[in-house]
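Working through the structure, step by step
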Amino acid sequence: MAKEIKTIAVLTSGGDAPGMNAAIRAVVRKGINNGVRVKGIKRGYQGLLAEEIVDLERSDVSEIIQRGGTILGTARCMEFMTEEGQQQGAEICRKHGIDGIVVIGGDGSYRGALSLSRNGINTIGIPGTIDLDIACSDYTIGFDTAINTAMEAIDKVRDTSSSHERCSIIEVMGRNAGYIALWCGVANGAEDILIPEKYDYNEQTIINNIIQNRKKGKTHHIIINAEGIGHSTSMARRIEAATGIETRATILGYMQRGGSPTCKDRYFASIMGAYAADILCEGKSNRVVAFRDGKFQDFDIEEALVMSKSIDEYQYEVSRKLSQ
Ligand code: ADP
Ligand code: F6P
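Treat the numbers as computed from the prediction; the structure is a model and nothing was measured.

What the four strands build is an open sheet, ordered S7-S8-S6-S9; its pairing is parallel. Of all the strands in the sheet, the pair left with one neighbour each is strand S7 (192-194) and strand S9 (247-251). Put simply, the sheet's adjacent strands are angled 15° from each other on average, direction ignored. Contacts from helix H6 (residues 179-187) reach strand S6 (167-172), S7 and strand S8 (221-226), with the element oriented near 175° to S7. Here helix H7 (residues 203-215) sits on the sheet in contact with S6, S7 and S8, set at roughly 155° to S8.

Dropping the structure here:
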């Protein structure tokens, strides 16, 4: 028989993402609505081990839906990678009467959730990452805000790049995944899009492309480079030397992780947060909430962790054709 759920908790873990607050709010309010007590764990698994645990009422999550970041704070916690740390985390949950936890984060955070569920604490994950790189879900909280932030910044760089007839390399986030670069590359009409999943590290192709475009009369050349490829500054130096065209690098960095979430991020976070609270209260454990094939659903964490997802070939081909 599933254990009775009286108290649930919520934490945010790994890199923050706009919309995490909307998800926290939804977990708290739907949980209370379902008749359970809700607690907030600060600073991810690090805060769990330090017992930074607070009670959350409906009013504690007022005025946060529009705020970027996470009111609970987030962290990366090495101690939680050890079995002792995980057992201690589960003991602390029992001590505080926590029957289940909603973990908002990425794959690493789900591995932490999996270890807690193996130690007797029910867990539900929610995909919170700007990178869109959770295989079981077509959407991750924070992606829409991040791409819109980056898109606006790239438009601005493009203005000055055109005025000075320069080439610009703009580096966007995505250590292992090129979704932000692909989406911005298409939306900003970039001439080249370099993503870790596809880039062949042949700079000569880019150089030839720049020279050809200049001959055609293009006044700018925008290259969107994903963080996973990186080295934008040295790439700019090499391209300038090879083409004779002034080339500048701009690294957008952490600005992409901040800011008020878009409507889409607030909406997805709200539905996913409520869904997680519902299935946790029903006694489910070891599940990840996902949006897939047009509907909200949940997957076994272990199955979700072995799923893979790749850049759609057609979309990538289109991105290349449109930039010519
Ligand atoms: P993300 O959740 O965004 O993928 P990380 O990979 O940095 O971020 O993971 C966040 C945290 O989750 C880690 O700092 C650690 O505390 C916990 N974690 C990651 N991997 C594991 C694991 N294999 N076992 C237990 N906890 C893990
Ligand atoms: O949240 C995802 C992400 O932004 C990646 O794109 C990036 O590589 C990583 O986080 C950087 O995180 P941090 O510098 O906080 O470790």
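Before going further, it helps to spend a moment on the pairing of strand S10 (residues 287-292). Pairing between strand S5 (residues 122-127) and S10: two bridges, direction parallel. Looking across to S10, one finds that Gly125 is bridged to Val288. Pairing of S10 with strand S11 (residues 295-300), which is carried by six bridges, proceeds in the antiparallel orientation. The residue of S11 that forms the bridge with Arg287 is Asp300. In sequence, S10 turns back onto S11 through a hairpin of two residues, with Asp293 there showing a positive phi of about 50°.

Conventions we followed
- Residues numbered from 1 in each chain as written.
- Chains lettered and ligands numbered in written order.
- Predicted model: local features only at pLDDT ≥ 70, side-chain atom pairs only at ≥ 80, totals over all residues.
- Heavy atoms only, no water.
- Pairing = 2+ DSSP bridges.
- Helix = DSSP H or I, 4+ residues; strand = E, 2+ residues; numbered from the N terminus.
- Axes fitted to C-alpha atoms, helices over the stretch in contact; angles between N-to-C directions.
- Contact = heavy atoms within 4.5 Å.

Coordinates in, geometry out; function isn't part of it.
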